[in-house]
Amino acid sequence: MATAPAASDAGSKSKLLVFDSKEDLAVSLAKYTAELSEKFAAERGAFTVVLSGGSLIDALSKLTEPPYLESVDWSKWHVFWVDERVVPKDHEDSNYKLAFDGFLSKVPIPPGQVYAINDALSAEGAADDYEACLKQLVKNGVIAMSTATGFPRFDLQLLGMGPDGHIASLFPGHPLVNEKERWVTYIKDSPKPPPERITFTFPVINSSAYIAMVVTGAGKAGPVQKALSDKQTSSDLLPIEMAVLQDGEFTWFTDKPAVSLLQNK
Ligand SMILES: O=C1O[C@H](COP(=O)(O)O)[C@@H](O)[C@H](O)[C@H]1O
């Protein structure tokens, strides 16, 4: 595994980890996540973890195996989604179903601490409902608040990136990337099916204490190169380039094909 500092804003740290295989990446991601779980459980009595859908879930496989299955204090975990498709929770497009089948069904997190969207609501209603849920959990002290930004500060966000540079359900050129007030918003014209989704906004994503950006495969090399190259190659930032922590640690978990366009990788 190769490591390198990646460009970051003052007050934040950024690291680039490049693995020889998805297995090696999963082993490292499990250790990283388990260590943060122990840190926040000790500091706060809770560990707030935000999941993505897509390829991210496979990367969590080693957390469902020894030693972590036994060593992690799963009772302290509170699980959220950075975005979710507005479909029934048992639908094949559901990020909840993907996470349940691949991860949540294999670890003993208390079901009442897994916060899925209300799939009986419209996209707008589900976004409002999820934002209200987050605000209640801030009041209850489960979710921290960022004093720097005034937005909720999740302990760890486990994020993925699409081949177009989208993260969560924030897509290139879509007005939602500029949302600065809401914690959770909705999209009805997603360029990637299904069309209706809810998503965290960038103020929430960028208030996280830790972000693991898990990106593998040659198909994602273009946005990775744009995000990690020193100079801005265009005025139109991709969503991946807008993920900038205000005060936290941003770690890329990648593989060699995904960084194949970087100089001095
Ligand atoms: O549609 C989505 O896409 C992104 C990226 O998925 P990936 O399979 O290319 O890693 C995912 O992070 C997001 O949660 C999902 O809704």
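In the block above lies the structure referred to throughout.
Residues numbered from 1 in each chain as written. Predicted model: local features only at pLDDT ≥ 70, side-chain atom pairs only at ≥ 80, totals over all residues. Heavy atoms only, no water.

Draft legend 1. Representation of the overall build of the chain in the model. For the chain, the count of helices and strands is six helices and twelve strands. Compactness check: the chain gives a C-alpha radius of gyration of 17 Å against a globular reference of 18 Å for 265 residues, within 12% of the reference. Contacts spanning at least 24 positions in sequence make up 74% of the contacts within the chain whose residues lie at least 6 apart. Looking at the chain as shown, the accessible area adds up to about 11,500 Å², and 52% of this sits on carbon and sulfur atoms. Charge separation in the chain, taken as the distance between the mean sites of 25 positive and 34 negative side-chain charges, equals 3 Å. (Helix = DSSP H or I, 4+ residues; strand = E, 2+ residues; numbered from the N terminus. Rg over C-alpha atoms; globule rule 2.2 N^0.38 Å. Contact = heavy atoms within 4.5 Å. Areas by Shrake-Rupley, 256 points an atom, 1.4 Å probe, with all protein chains shown as cover. Lys, Arg positive; Asp, Glu negative; His and termini not counted. Charge placed at Lys NZ, Arg CZ, Asp CG, Glu CD.)

Draft legend 2. Main features of the nonpolar core. One finds L29, L51, W77, F103, Y130, F200 and I205 to be the most contacted residues of the largest nonpolar core, which totals 87 residues. With sequence-adjacent residues up to four places away left out, I205 is seen in contact with V82, Q157, L159, I167, A168, L170, F200, I211 and L245. (Core = buried A, V, L, I, M, F, W, Y, C linked by side-chain atoms within 4.5 Å. Buried < 20%, exposed > 50% of the residue type's maximum accessible area, 1.4 Å probe, protein only.)

Draft legend 3. Spatial organisation of helix α3 (residues 95-102). For α3, the full list of buried residues reads N95, Y96 and A99. The buried residues of α3 all sit within an arc of 105° when viewed along its axis, so they share a single face. Of the surrounding elements, those touching the buried residues of α3 are β3 (47-51), β4 (77-81) and β5 (83-85). (Arc of directions from axis to C-beta.)

Draft legend 4. Region of interest: the sheet that holds strand β9 (residues 184-187). Taken together, the three strands give an open sheet; going across it, the order is β5-β10-β9, and neighbouring strands pair in antiparallel fashion. Edge positions in the sheet fall to β5 and β9, since each of these pairs with one other strand and no more. Neighbour-to-neighbour, the strand axes of this sheet turn through a mean angle of 20°, independent of strand direction. For β5 and strand β10 (residues 197-200), the ladder comprises three bridges, and the chain directions are antiparallel. Within the sheet, the bridge partner assigned to D83 lies in β10 and is T199. (Pairing = 2+ DSSP bridges. Axes fitted to C-alpha atoms, helices over the stretch in contact; angles between N-to-C directions.)

Draft legend 5. Representation of helix α4 (residues 123-139) in the model. Here α4 contains 17 residues, and its C-alpha end-to-end distance of 25 Å stays within 8% of the 24 Å for a straight helix at 1.5 Å per residue. Among all positions in α4, only A123, A126, A127, Y130, E131, L134, L137 and V138 are buried. For α4, the buried positions fall inside an angular range of 130° around the axis, keeping them on one side. Packed against the buried residues of α4 are β4, β6 (144-145), β7 (152-153), β9 and β10. A positive backbone phi angle near 80° is found at G141, which sits one or two residues after α4. (Expected span 1.5 Å × (residues − 1).)

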